[in-house]
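# Observations on chain architecture
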Amino acid sequence: MCGVVGYVGPRQAGPILLDGLQRLEYRGYDSAGLAIHNGSGMSLHKVVGRVQRLRELLDADPVPGSSGIGHTRWATHGRPTEENAHPHLDCDGEIALVHNGIIENADQLRSRLTPGGHSFRTETDSEILAHLIEDATGSTLEERVARALPHVEGTYGLAVVSRSEPGKIVVARKGSPILLGLGDGEYFVASDAAAILEHTRSVIYLDDGDIAAVTMAGYSIVDGYAQVQDRIVSDIDWELGTVELGWAPHYMLKEIFEQPETVLSTLRGRLRPDEGTARLHGLNLSAAQAAAIERVVIVACGTSWHAGLIGRQVIEQLAALPVQVEYASEYRYQPQLALPNTLTVGISQSGETADTLEAMRAARRAGSRVVGIVNVVGSTIAREADGGIYLHAGPEIGVASTKAFTSQITALLLLGLHLAHARGVPTDEGRELVREMLEIPARIEQVLRLNTRIRDIARIYADAGNFLYLGRGVNFPVALEGSLKLKEISYIHAEGYPAAEMKHGPIALIDENMPVVFVAPTDPVYQKVVSNIQEVKARGGRIIAVCTEGNDDLRALVDHQLWVPAVPPLLSPLVTVIPLQLLAYHIAVLRGCDVDRPRNLAKSVTVE
Ligand code: F6R
């Protein structure tokens, strides 16, 4: 969940590391730090809080040096203090390292190292790695890192430098992503390609167990068995603009407005209008294998889990397959029954969520075929899965997920169509759906025009203490997602419920101070939702309704109507969620919240 960056080359490392850290801040922002080597010595700088503070420090007192490592932290072990910020040092300040991951046997290692005279300055698990490397023998830093790491249980994406080996960074990976960036006579290290995109598009994603040594002269990689490896160089095809704010005041708003384009990217080249299905080569699922599937299990967390709930209805309706949707964090610890003829689908924007990864591994052990719906190319889930669907939504930097959600729903629709076709389900409905899916980017464009009106509504409710979000059928998960968006960025308590469940408890909360958002497009459950709206109205609740264009029936019942274009019910989440994203965004801005970096959160949850 932390961000790691490193540089060796002819340029000054400081500004490159700071720019990289700023781009990685969405991965954690409790503290930041860097270590820079100037050829004869190493200097260390750390701050509590944002990278901007580190920048101010270095602007006031520039640190020369052409190699170094940097880190932005999301605290797990130890409070967000300056001592606990990375880089961490060994006893003599010879070794400095930055770490993303968790050292599970930290306590045992600390007890083992302490009698040998090691003294620990921090509360972190990461510091222990510096002392382990200090103790390890070897004539080069990479040898010592290789001898130290077998003692470690847990996960790491690690970058290490040594005072006595200037111009060298040693990196290692197990369970936490780390990549090398290949420039022209210069090299980069990063936990995430966004950090180095402005310098190079050629990257090598390290595999678990890899240890690489990077100098200005080149790089070498060995695997966990000390065998030299020639890893594939990948090209990143994101535009730099996708990681820059451009016109928007926040990444979240930018990403909400990108959705016509990002949904189109998820669809591009995959729909087969004539056959009413989708082509998904990346799934690596033959027609015979698809036909043999008897059930689908979806595992995911947070917003991705909400997409999974929609996926359940999509796949059940289109492919007539039973689908079970599980919180990955729960599923991974449940006793696994045998899963023959099962397709397990892990959904993850980052492709690094620890619980989702482990749930997928558990399903594989139980005999399931495992595929991923992932945005980040080369991420751990993407690499471990038997196949999958990339979202192609470009980097999502706002911590609150928006464009990944609509692309996940789109990918699940593609999967539903694909499975339906492979299983011989008649294609008429598929053809109609494909036609409508091609129109979705334009429909989203239309919904985005509500932005100003939604900002006006946000002004009325920005001081609310609670919110309720209600929906039914395929729009119940949209209600969950709307409430999650609001609570995570505005810190207003919000709950999502299936609209009819309200009378089994939450209705007690309703009075004139309780804004209730109904997701009520015209669909087979619309009339039922109207009854639920009546129940709230009767108790004085303030109602915002997302409903279908042309529907004027609710005028007398609700306080605010937000009309979205008519689309087939299964596609409706793609348009109904947009007003909820915008509502959460504007309320958070009006409350002065840090929309892109909400408190306590991080973009990629690599700890369980
Ligand atoms: C909410 C949000 C989180 C993520 C969750 C899973 O806005 O972003 O709930 O959806 O942490 O992350 P991924 O999709 O990366 O596995």
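What counts and how
Residues numbered from 1 in each chain as written. Predicted model: local features only at pLDDT ≥ 70, side-chain atom pairs only at ≥ 80, totals over all residues. Heavy atoms only, no water. Helix = DSSP H or I, 4+ residues; strand = E, 2+ residues; numbered from the N terminus. Rg over C-alpha atoms; globule rule 2.2 N^0.38 Å. Buried < 20%, exposed > 50% of the residue type's maximum accessible area, 1.4 Å probe, protein only. Lys, Arg positive; Asp, Glu negative; His and termini not counted. Charge placed at Lys NZ, Arg CZ, Asp CG, Glu CD. Core = buried A, V, L, I, M, F, W, Y, C linked by side-chain atoms within 4.5 Å. Contact = heavy atoms within 4.5 Å. Salt bridge = Lys/Arg side-chain N within 4 Å of Asp/Glu carboxyl O. Pairing = 2+ DSSP bridges. Axes fitted to C-alpha atoms, helices over the stretch in contact; angles between N-to-C directions. Phe/Tyr/Trp six-rings, centres within 6.5 Å; stacked < 30°, edge-to-face > 60°. Lys NZ or Arg CZ within 6 Å of the ring centre and 35° of its normal. Near = heavy atom within 4 Å. Polar contact = N/O pair within 3.5 Å; in protein donor to acceptor, adjacent residues only side chain to side chain. Areas by Shrake-Rupley, 256 points an atom, 1.4 Å probe, with all protein chains shown as cover.

### Examining the overall build of the chain
Secondary structure summary: the chain contains 18 helices and 27 strands in total. Relative to the globule expectation of 25 Å for 608 residues, the C-alpha radius of gyration of the chain, 25 Å, shows essentially globular dimensions. Taken along the three principal axes of its C-alpha coordinates, the chain extends 75 × 55 × 45 Å. Going through the 608 residues of the chain one by one, you find that 60% of them count as buried. Of the charged side chains in the chain, 55 are positive and 73 negative, and the gap between their average positions amounts to 3 Å.

### As for the environment of valine 371
Residue placement: valine 371 occurs in strand 21 (residues 369–374). For valine 371, a relative accessible area of 1% corresponds to the buried category. Spatially, the C-alpha atom of valine 371 lies 8.7 Å from that of isoleucine 347, the residues being 24 residues apart in sequence.

### Overview of the nonpolar core
Membership of the largest hydrophobic core comes to 91 residues, with the highest contact counts inside it found for Val296, Ile315, Leu419, Phe467 and Leu583. Excluding anything up to four places from it in sequence, leucine 583 contacts Ile454, Ile457, Ala458, Phe467, Tyr469, Val517 and Ile544. Residues Ile16, Val47, Leu179 and Val203 belong to the second largest nonpolar core, which totals 34 residues.

### Looking at the pattern of salt bridges
Applying the stated rule across the entire model yields 33 salt bridges. Across the salt bridge formed by arginine 110 and aspartate 107, the nearest N and O atoms sit 3.2 Å from each other. In this pair, arginine 110 and aspartate 107 both sit in helix 3 (residues 106–113), three residues apart, roughly one turn of the helix. On the basis of relative accessible area, aspartate 107 is assigned to the exposed category, the value being 52%. Residues arginine 597 and aspartate 594 are paired through a salt bridge, measuring 3.9 Å at the closest nitrogen-oxygen approach. Here the residues in one salt-bridge network are Glu25, Arg50, Asp594 and Arg597, joined through shared partners.

### Notes on the sheet that holds strand 19 (residues 323–327)
The five strands are arranged 19-18-20-21-22 in an open sheet whose pairing can be described as parallel. Whereas interior strands pair on both sides, the edge strands pair on one side only; in this sheet they are strand 19 and strand 22 (387–390). The sheet shows a mean angle of 20° between the axes of neighbouring strands, taken without regard to direction. Pairing analysis gives four bridges linking strand 21 to strand 22, with the strands arranged parallel.

### Brief notes about the pairing of strand 4 (residues 67–73)
Counted residue by residue, strand 4 has seven buried out of seven residues, so it is predominantly covered. Of the two faces of strand 4, both are covered, the one formed by Ser67, Ile69, His71 and Arg73 as well as the one formed by Gly68, Gly70 and Thr72. Pairing between strand 1 (residues 3–8) and strand 4: six bridges, direction antiparallel. Following the sheet pairing, glycine 3 is matched in strand 4 by threonine 72.

### Observations regarding the side chain of threonine 344
By the secondary structure assignment, threonine 344 is in strand 20 (residues 342–348). The class of threonine 344 is buried, set by a relative accessible area of 0%. Aside from chain neighbours lying at most four places away, what touches threonine 344 is Val297, Val299, Leu339, Ala363, Ser368, Arg369, Val370 and Val371.

### Section: helix 4 (residues 127–135)
Within helix 4, eight of the nine residues are buried, which leaves the element mostly enclosed by the surrounding structure. The set of residues buried in helix 4 consists of Glu127, Ile128, Leu129, Ala130, His131, Leu132, Ile133 and Glu134. Contacts made by the buried residues of helix 4 are with strand 5 (88–89), strand 6 (95–100), helix 3, helix 5 (141–148) and strand 7 (156–162).

### A look at the packing of aromatic side chains
Counted according to the given criterion, the structure contains six aromatic pairs. With a centroid separation of 5.3 Å and an interplanar angle of 50°, the aromatic rings of tyrosine 7 and phenylalanine 188 are classed as tilted. With tyrosine 7 in strand 1 and phenylalanine 188 in strand 10 (residues 187–190), the pair connects residues that are 181 residues apart, well separated along the chain. For the pair tryptophan 305 and tyrosine 327, a centre-to-centre distance of 3.9 Å together with 15° between the ring planes defines the contact as stacked. In this pair, tryptophan 305 sits in helix 9 (residues 302–319) while tyrosine 327 sits in strand 19, placing the two residues 22 residues apart along the sequence. By way of ring pairs, the aromatic residues Tyr461, Phe467 and Tyr469 are connected into one cluster. One residue, arginine 110, lies across the ring of phenylalanine 120, its end atom 5.8 Å from the ring centre. The side chain of arginine 599 reaches across the aromatic face of tyrosine 491, ending 3.8 Å from its centre.

### Some thoughts on the site of the ligand
In the vicinity of the ligand, 15 residues are found, and the nearest of them are Ser304, Ser348, Ser350, Thr353 and Glu488. Take threonine 303: an N or O atom from its main chain is 3.1 Å from an oxygen atom of the ligand. Notes on the ligand: free accessible area 410 Å², of which the protein chains cover 89%. Contributing elements (two or more residues each) for the shell around the ligand: helix 9 and helix 16 (476–490).

### A word on the side chain of serine 176
Mapped onto the fold, serine 176 is located in the loop between strand 8 (168–174) and strand 9 (179–182). For serine 176, a relative accessible area of 1% translates into the label buried.

### Comments concerning the sheet that holds strand 3 (residues 42–48)
The strand order across the open sheet built from eight strands is 3-2-4-1-10-9-11-15, with neighbouring strands paired in antiparallel fashion. Each edge of the open sheet is held by one strand with a lone partner, namely strand 3 and strand 15 (234–235). Here seven bridges tie strand 2 (residues 31–37) to strand 4, and the two strands are oriented antiparallel to one another. Directly across from alanine 32, in strand 4, lies its bridge partner threonine 72. Each of strand 1, strand 2, strand 4 and strand 10 is contacted by helix 1 (residues 13–24), which is oriented at about 155° to strand 1, the strand it contacts most. In the packing of helix 2 (residues 51–60) onto the sheet, contacts are made with strand 2, strand 3 and strand 4, and the angle to strand 3 comes to roughly 135°.

### What to know about unusual backbone geometry
Residue proline 87 follows histidine 86 across a cis peptide bond; omega there is 0°. Positive phi, normally seen in glycine, also occurs at histidine 392, with a value near 55°. With respect to the secondary-structure elements, histidine 392 resides in the loop between strand 22 and helix 13 (403–422). Notably, tyrosine 491 is not glycine yet its phi reads approximately 65°, a positive angle. For tyrosine 491, the location among the structural elements is in the loop between helix 16 and strand 24 (493–498). Tyrosine 491 gets classed as partly exposed once you look at its relative accessible area, which sits at 27%.

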